[in-house]
Amino acid sequence: MTAADTLTTTPLGGPGLPQERRLVTSIPGPRSQELLARKADAVAAGVGHTAPVEAVAAGGGVIVDADGNSLIDLGSGIAVTTVGNAHPKVVAAVQEQVAQFTHTCFMIAPYDSYVSVAEALNRITPGDHAKKSALFNSGAEAVENAIKIARKYTKKQAVVAFDHGYHGRTNLTMALTAKAMPYKSGFGPFASEVYRAPLSYPYRDGLTGPEAAKKAISVIEKQVGADNLAAVIIEPIQGEGGFIVPAEGFLPAIVEWCRANGVVFIADEIQTGFARTGEMFASDVFGIVPDLITTAKGIAGGLPLAAVTGRAEIMDASHAGGLGGTYGGNPIACAAALATIDLFENDGMLERAREVETILKGRLTALQAADPRVGDVRGHGAMIAAEFVDPVTGEPDAALAAAVAKACIAEGVIVLTCGTYGNVFRFLPPLSITDDLLHEGLDVVAAALAAAS
Ligand SMILES: *Cc1c(COP(=O)(O)O)cnc(C)c1O
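Residues numbered from 1 in each chain as written. Predicted model: local features only at pLDDT ≥ 70, side-chain atom pairs only at ≥ 80, totals over all residues. Heavy atoms only, no water.

**Q** Let's hear about the overall build of the protein chain: which residues, and what values?
**A** On a plain count of helices and strands, the protein chain comes out with 16 helices and 15 strands. Whereas a compact globule of 453 residues would reach a radius of gyration of roughly 22 Å, the protein chain reaches 21 Å, a difference of no more than 12%. Counting only C-alpha atoms, the protein chain reaches 60 × 60 × 50 Å along its principal axes. Here the protein chain holds 453 residues, and the buried ones make up 56% of them. (Helix = DSSP H or I, 4+ residues; strand = E, 2+ residues; numbered from the N terminus. Rg over C-alpha atoms; globule rule 2.2 N^0.38 Å. Buried < 20%, exposed > 50% of the residue type's maximum accessible area, 1.4 Å probe, protein only.)

See the structure below:
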């Protein structure tokens, strides 16, 4: 018996969908093609899509389209539906709340679920110091607020982000994000007082964690100066940047430097949070305790919610009325979050993430041993990636990643790519996926890779 068998996140998923890959048309089928034509006419061209299908239902490890195709989901809507799509307990919590009240604005008339989410986040985030939280709508909004809070607390302005970092699509978070295309190109001018430091990228820089930290700290000290620096923000494992796991010792050295220099250390755990890495947070993987932590994506089983959680004295530095927003901590999203966090804590999710890691790493390292184009396999829990390279030069091979991803989707497996060079194949399955379906998805990936030249 595996942890999957004991999850109330049943393999049948929310709407009781058969857990199978089933293609009854080519992808996209006629109904999906119709929607995509309307999308092209009605929706701004800048809003893209990965899989050309019209989703009509999802649960367990599948997404079903309007033509009756059932696709294996290895992306969880970018690490969001970690507990499974339309999880029955999340659905019930949402239904109950939506019939009670939909909105008061927490800043007008507060309600229990917002406070309960804050209490839960204060309890489950790393560190046993006094913590407080504030809730928002999106990851980018949480990052913006974490920076606001750090600046107010330190009375300093500069912020350091890292190479390959991704923090969102609003003006300040674009500035924090490293990659120009597609996130920033043509959208400037960007927010000022943002600086970039080199990351630890063991596959490509060949440095130990302490060596990479020394290099980063030298850049920070020489180019910014601790006296000017409010915060350092980093994803403990980078998401969009390529699932880059820093070398051992890198993150603790950066945290230690921040602490010694009056700089707020912010862990952006929007992608890595909530059982994804086999720990509740990726900071736990590395044994670090951030001053502030930003969360979103997996927090509410698919409903939009985000948070900043951190040291009470830092969180309380802002004047009354300085933080908030009309919808932040919406009661329906909070009800979903409480049900979702309960599943993370009490439904074997951490164990399940580690089982998924064993399967993914086992299959992908076997692929790597057989195919020199798979240069690196890395990650933790249900957040694992393979980096595709030219076997002779070691140069990133984005075209190969794109070709394999396209072939997988045509075969009914939704996969995502990422990375500064676009050559990283990432796996973010929902923890509700069955072992069989995960293996079948990986069979399709292996066949697509073998067929790609
Ligand atoms: C997705 C993501 C964001 C932005 O979140 P949105 O909800 O899309 O605004 C920020 N940081 C990280 C690490 C992310 O993965």
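**Q** An account of empty space enclosed by the protein is needed here, citing residue identities and associated values.
**A** Counted under the stated rule, the structure contains 1 cavity of 30 Å³ or more. Partitioned by chemical class, the residues of the lining of the largest cavity number 3 nonpolar, 6 polar and 2 charged. (1 Å grid on protein atoms, 1.4 Å probe; cavity = no way out; pocket = protein on both sides within 12 Å on 5 of 7 lines; lining within 4 Å. Points joined across faces, edges and corners; volume = space filled by probe spheres on them. Nonpolar A, V, L, I, M, F, W, Y, C, P; charged D, E, K, R; others polar.)

**Q** Just give me the short version of the environment of Thr25, but keep the residues and values in it.
**A** Structurally, Thr25 can be placed in the loop between helix H1 (3-6) and helix H2 (30-42). Taking the C-alpha atoms as reference, Thr25 lies 8.0 Å from Gly68; in sequence the two are 43 residues apart. A polar atom in the side chain of Thr25 sits 2.9 Å from the side chain of Asn69. (Polar contact = N/O pair within 3.5 Å; in protein donor to acceptor, adjacent residues only side chain to side chain.)

**Q** Got a sec to walk through the layout of surface pockets? Specific residues and values, please.
**A** Looking at the second largest pocket, its volume works out to about 530 Å³. The wall of the second largest pocket is formed by 24 residues, among which Phe106, Tyr114, Ser133, Ala134 and Leu323 lie closest to the centre. Listed by contribution, the elements that provide at least two residues to the lining of the second largest pocket are helix H5 (112-124) and strand S4 (131-136). Tallied by class, the residues present in the lining of the second largest pocket amount to 11 nonpolar, 9 polar and 4 charged.

**Q** So, helix H10 (residues 250-260): which residues are in play, and what are the values?
**A** Where H10 is concerned, the buried positions are Phe250, Leu251, Ile254, Val255, Trp257 and Cys258. Considered in projection along H10, the buried side chains sweep an arc of 160 degrees and stay on one side of the axis. Along H10, the residues that are exposed and aim more than 90 degrees away from the buried face are Glu256 and Ala260. Gly262 sits one or two positions beyond H10 and adopts a positive phi of about 65 degrees. (Arc of directions from axis to C-beta.)

**Q** Which residues make up the sheet that holds strand S8 (residues 264-268), and what values go with them?
**A** Strands sit in the order S4-S10-S9-S8-S7-S5-S6 across an open sheet of 7 strands; the sheet is mixed. Two strands close off the open sheet at either side, each with one partner strand: S4 and strand S6 (194-197). The mean angle between the axes of side-by-side strands here comes to 20 degrees, regardless of whether they run parallel or antiparallel. Note: strand S7 (residues 229-234) against S8, 4 bridges, orientation parallel. (Pairing = 2+ DSSP bridges. Axes fitted to C-alpha atoms, helices over the stretch in contact; angles between N-to-C directions.)

**Q** Break down the site of the ligand for me, with residues and values.
**A** Neighbouring residues of the ligand: Ser138, Gly139, Ala140, Tyr166, His167, Gly168, Glu235, Asp268, Ile270, Gln271 and Lys297. In this structure, Gly139 approaches the ligand through a main-chain N or O atom, which is 2.8 Å from an oxygen atom. Within the side chain of Lys297, one N or O atom sits 2.7 Å away from an oxygen atom of the ligand. Calculation on the ligand without its partners gives an accessible area of 380 Å², and the protein chains cover 82% of this total. Taken together, the residues of the shell around the ligand sort by class into 3 nonpolar, 5 polar and 3 charged. (Near = heavy atom within 4 Å. Areas by Shrake-Rupley, 256 points an atom, 1.4 Å probe, with all protein chains shown as cover.)

**Q** Kindly report on the nonpolar core, identifying the contributing residues and their values.
**A** In this structure, Ile266, Leu305, Phe388, Val404, Cys408 and Phe425 are the most contacted members of the largest nonpolar core, which totals 91 residues. Counting residues per element, this core draws most heavily on helix H13 (residues 331-346), at 10 residues. Both of domain 1 (30-86 + 349-451) and domain 2 (89-347) provide at least three residues apiece to this core. (Core = buried A, V, L, I, M, F, W, Y, C linked by side-chain atoms within 4.5 Å. Domains from an automatic or database assignment.)

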